[in-house]
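Residue strings, one per chain:
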Amino acid sequence: MDDPFEIDEFAASPEMRLADAPVSAPDYLANLNAEQREAVETLDGPLLVLAGAGTGKTRVLTTRLAHLLQVKAQTEHLHPQQILAVTFTNRAAKEMQERVAHALGHPVEGWWLGTFHSLAARLLRRHAELIGLQSNFSILDSDDQVRLLKQIMDAEQIDQKKWPAKQLMGIIQRWKDKGLSPDRVNESVEFANGGAKYLYKVYQQRLSVLNAADFGDLLLHCLTLFQKHPEILRRYQETFRYILVDEYQDTNVAQYLWLRALAMVHRNICCVGDDDQAIYSWRGAEVGNILRFESDFPGAKVVKLEQNYRSTPHILAAASKLITFNDGRLGKELWTELDTGEKVFVKGVWDGPAEARLVGEDIEALQSKGIGAAKMAILVRAGFQTREFEERLITLGIPYRVIGGPRFYERHEIRDALAYVRMVAQPDDSLAFERIINVPKRGVGKATLQILHQYSRDQSVSLPMAARDLIGTEELKPKMRQAIGGLLGDFTRWREMLTNRSHVEVLETVLDESGYTDMWRTSKEIEAAGRLENLKELVSAIGEYENLTTFLEHVSLVMENEQNTDQEKVTIMTLHGAKGLEFDYVFLPGWEEGVFPHQRAMDESGVKGLEEERRLAYVGITRARKRATVSYAANRRIYNQWQSALPSRFVDELPDEHIERISDTGLGGHGGNHSPGAWGSDDWMKMPSWADETPRRDSYGSGGSKTGSGGSSTGGERRFASAGWQDRVRKNVIDVKPNGETSYSTNSKSSKYKVGDAVRHRKFGPGTVRAVDGNKLEIDFEDVGTKKVVDSFILPG
DNA sequence: ATGTACAAGATTTTT
DNA sequence: TCTTGTACAT
């Protein structure tokens, strides 16, 4: 085995050292107090930086890295390769790379900087054979994982209606997050479903046969490797003299074990995190890691950073207040020296489109003041919410970019093409083989595939191997033998091509000769042209990598959506994606019960889930430097059905003195003294519905006979969301129980009226229903003509 | 082996 | 409502 530790090579090339580094990097510590500064500047020993939002976590990390690379490089000949720096996203890693380069005045190469997964993969590739894989093992994405499990379950004849593969995969991945290999699951998981344990074992065996690893394996295999080969662990422990970890609160148990193992010898581990920003527990993250730090690493210094440099006092106060509704926090008092600034805006609107319009208008207003679009962001809870805003911004002609949307590498044609690449680079990649065996159509169908699977399972070989064996037999029909044999022959040829041609050329040949490009060229699909474009893009992308294996690893682990950031664009992304970022102006739409906090979070994890949602809200608000605008809609279309929604409880939890509630709807006061003109216009959406009357549904509970002007109406303009009715309504609607169950009675999704019904409206009088759209009705009134109204205002005729 | 028809389920968040 | 998967027919 080659010596896996490049560090030894380094020792022979001292010219690589950073002796030429400028002695004083830019002073990133200027804003810390003396004590904090000392702790951060002390480079040896364990250090935990507990930092609130916007207090300069990354800055501390950068400073420390710069100091290491500068001071230690000179005094103790520390080489970058002895540093292990873990960030949470690839984006953060890139940023760190740039920041450090900037601080030192020159780029740094060779250090172990990246996400847990990419670093673990890098380590694992060197020792793959020790844990039963070849070094070119393929990394399965979640899609492949589920497909593989499905195959196994088919073979085991397990009812997938009762036990969906996807769900079981979730259980298995959770075990992996906890660092439990199949053996250890049997020991330590008591109440778990025995079937899942069994499947886990079979799944793992199958992965090994296929020379594949899934995401969780990257870390898990490392742990196994360390356990079985202490001498290897020892060498890495000695190699990594300094370990730095960002976003420590979001590490899972496997990651924690991995870090702890590696940090054991030098103990120079520095972690940075904020327990209030733990938003990944659904992925197995364990906040306990950060709470346990001091006992894990005796003598650890703990620094709390509480001065916020990012947000204005109002924003900070609003976020701080919100997060106090959570229990069990470490607790921090964030403060700032910045000027007061604007209050947090809280806006209620009628429905989703109105919300998008509102945000659009605000953005335009900001732009007309000369503020660049890049300084603004729309942060949504879930991916599907981006669409509304995209549409709006398109019509307004405002440039935007969506981060984390449908990814390039997840597109149909790209996945197919990648399957070809995988088959060339990794001959035993069963899942890739299965994907393309009949794409383009080669007449290979279910029956043939089944025979292959059967054989592959019985003989414990990969699918391509099975095919290779079977085409020599009478098992398959001659036609099939020819088709599959031809394909396998092609792959052999393409693999040979790799030796004397560039991989770009090989990819082009493969796509060409396999008939894949032709398939799309002759396709009648409207999207075919676009797909061909994407394929071209893939070919050019692959050119940026040394070889197919590095390219594939990049695809599975890095998978970032490269976006040119040079242009001024409004950013649209999920709250999760926004972690660690900041913007001057932040829009936080969709703060409605069920959407945010998300219903499923509460259903599945009860109070814990709710608290995580609240932390997410906290993250959202604290992204804003100058202004945060929260908004919620009273009606939202889900599955193309109108549903009325309640403002999020988080809206209530924001402190009144730091927010400014603005209502789109309280135009005419209450009491119904509206001029008929307003009602007759197309502006029906601006109907002051709740000022007058709560949109009442049967499911709200029977008790509430109070209507109208309850709550805090004070004459004149009535605020959109008086706490009164929110509380009243909410208590009847959502009730999170400590055991994790939630009872949630959804508001009626569609109207109880249908076309032709005779109805009456308290202002418009009698009429007939002409059309129904969810709970919106179009009614021909006898006196005032056709109007659109909401059914809650309607009484049976 | 492929295409059609009907039914069921779907929309958290991501390395 | 739309998409996806399954059953059945060709």
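Owing to the predicted nature of the structure, the values given are computational and were not obtained by experimental measurement.

Here the focus is the overall build of chain A. Counting secondary structure elements, chain A contains 32 helices and 23 strands. When burial is assessed residue by residue, chain A has 55% of its 797 residues classed as buried. For chain A, restricting intrachain contacts to residue pairs at least 6 apart in sequence, the fraction spanning at least 24 positions comes to 75%.

Quick look at empty space enclosed by the protein now. Summed over the entire model, instances satisfying the criterion amount to seven cavities of 30 Å³ or more. If you add up the space inside the largest cavity, you get close to 260 Å³. Around the largest cavity, the lining comprises 21 residues; the ones closest to its centre are I139, D141, L418, R422 and V555. Of all elements in the fold, only β4 (138–140), α6 (142–156), α18 (412–425), α19 (430–436) and α26 (548–558) reach the threshold of two or more residues within the lining of the largest cavity. Across the lining of the largest cavity, the residue classes break down as 10 nonpolar, three polar and eight charged. Two domains share the lining of the largest cavity, each providing at least three of its residues, namely domain 2 (138–210) and domain 4 (409–561).

Burial analysis of strand β14 (residues 624–638) places 11 of its 15 residues in the buried class, which makes it a mostly covered element. Where β14 and strand β15 (residues 641–644) come together, four bridges link them in antiparallel fashion. Paired with N635 across the two strands is S644, which belongs to β15. Hairpin connection from β14 to β15: two residues lie between these consecutive antiparallel strands, with Y639 at a positive phi of about 55°.

To continue, consider the pairing of strand β6 (residues 242–245). Side chains Y242 and L244 of β6 all project onto a buried face; the interleaved residues I243 and V245 project onto the opposite face, where all are buried too. Note that strand β2 (residues 83–86) and β6 share four bridges and pair parallel. Across the sheet, A85 pairs through a bridge with L244, a residue of β6. Strand direction decides the pairing type here: β6 and strand β7 (residues 269–273), joined by three bridges, are parallel. The residue of β7 that forms the bridge with I243 is I269. Handedness of the crossover joining β6 and β7 through helix α12 (residues 253–263) is recorded here as right-handed.

With that settled, consider the domain arrangement of chain A. For chain A, the domain assignment lists domain 1 (26–136 + 222–307), domain 2 (138–210), domain 3 (344–399 + 571–663), domain 4 (409–561) and domain 5 (757–796). Distance from the C-alpha centre of domain 1 to the C-alpha centre of domain 4: 38 Å. Taken over both partners, the interface formed by domain 1 and domain 4 buries close to 660 Å², and the fraction arising from carbon and sulfur atoms is 44%. Run the count over domain 1 and domain 4 and you get one salt bridge. A salt bridge links E553 to R125; the shortest N-O distance between them is 2.6 Å.

Taken together, 25 residues lie around DNA strand B, and H117, R381, G383, H598 and R600 are the ones closest in. Here the atoms of DNA strand B within 4 Å of the protein split so that 53% fall in sugar or phosphate, with bases taking the remainder. The separation between a base oxygen of DNA strand B and a polar side-chain atom of W282 is 3.0 Å. The side chain of R283 places a nitrogen or oxygen atom 3.4 Å from a sugar or linking oxygen of DNA strand B. Listed by contribution, the elements that provide at least two residues to the surface near DNA strand B are α20 (446–459) and α28 (599–621).

Further remarks concern the environment of Q643. Tracing the chain through its elements places Q643 in strand β15. For the pair Q643 and D351, spaced 292 residues apart in sequence, the C-alpha to C-alpha distance is 9.6 Å.

An order of β3-β2-β6-β7-β1-β8 is seen for the six strands of this open sheet, with the pairing classed as parallel. The open sheet is flanked by β3 (112–114) and β8 (301–305), the only strands paired with a single partner. Each strand of the sheet is rotated relative to its neighbour by a mean of 10°, with strand direction disregarded.

A separate point is the packing of helix α3 (residues 57–75) against helix α4 (residues 90–104). It is the contact of α3 with α4, at a shortest axis distance of 9 Å, that shows an interaxial angle of 55°. Comparing the axis directions of α3 and α4 gives the class oblique. In the crossing of α3 with α4, the sense of the turn from one axis to the other is right-handed. Where α3 approaches α4, its residues T58, R59, L61, T62, L65, A66, L69 and Q70 are matched on the opposing element by M96, R99, V100, A103 and L104. Grouping the constituent residues of the contact of α3 with α4 by class yields eight nonpolar, three polar and two charged.

Attention now moves to helix α2 (residues 34–41). Regarding α2, the residues found buried are Q36, A39 and V40. Along the axis of α2, the buried residues cluster in a sector spanning 95°; they form a single face. Opposite the buried face of α2, by more than 90 degrees, sit the exposed residues A34 and E38. On its buried side, α2 packs onto β1 (47–51), α3 and β8.

This next bit is on helix α16 (residues 352–368). With 17 residues, α16 ought to run about 24 Å at 1.5 Å a step, and its terminal C-alpha atoms sit 24 Å apart, in line with that. The complete set of buried residues in α16 reads G352, A354, E355, A356, L358, V359, G360, D362, I363 and L366. In this structure, the buried residues of α16 make contact with β9 (344–351), β10 (376–380), α17 (386–396), β12 (570–574), β13 (583–588) and β14. Of the residues trailing α16, G370 is marked for its positive phi of about 90°.

Our focus in this paragraph is the packing of aromatic side chains. In this structure the tally under the stated criterion is 18 aromatic pairs. For the ring pair F116 and W258, a centre distance of 5.9 Å and an interplane angle of 70° mean the geometry is edge-to-face. Of this pair, F116 sits in helix α5 (residues 116–127) while W258 sits in helix α12; the two residues are 142 residues apart in sequence, bridging distant segments of the chain. Taking relative accessible area as the criterion, F116 reaches 3% and is therefore assigned buried. A relative accessible area of 0% places W258 in the buried class.

Rules used in this analysis
Residues numbered from 1 in each chain as written. Chains lettered and ligands numbered in written order. Predicted model: local features only at pLDDT ≥ 70, side-chain atom pairs only at ≥ 80, totals over all residues. Heavy atoms only, no water. Helix = DSSP H or I, 4+ residues; strand = E, 2+ residues; numbered from the N terminus. Buried < 20%, exposed > 50% of the residue type's maximum accessible area, 1.4 Å probe, protein only. Contact = heavy atoms within 4.5 Å. 1 Å grid on protein atoms, 1.4 Å probe; cavity = no way out; pocket = protein on both sides within 12 Å on 5 of 7 lines; lining within 4 Å. Points joined across faces, edges and corners; volume = space filled by probe spheres on them. Nonpolar A, V, L, I, M, F, W, Y, C, P; charged D, E, K, R; others polar. Domains from an automatic or database assignment. Pairing = 2+ DSSP bridges. Right-handed = clockwise from strand over helix to strand, strands pointing away. Buried area = accessible area lost by both parts, 1.4 Å probe. Salt bridge = Lys/Arg side-chain N within 4 Å of Asp/Glu carboxyl O. Near = heavy atom within 4 Å. Polar contact = N/O pair within 3.5 Å; in protein donor to acceptor, adjacent residues only side chain to side chain. Axes fitted to C-alpha atoms, helices over the stretch in contact; angles between N-to-C directions. Parallel < 35°, antiparallel > 145°, perpendicular 65-115°, else oblique. Left-handed = near helix turned anticlockwise from the far one by under 90°. Arc of directions from axis to C-beta. Expected span 1.5 Å × (residues − 1). Phe/Tyr/Trp six-rings, centres within 6.5 Å; stacked < 30°, edge-to-face > 60°.

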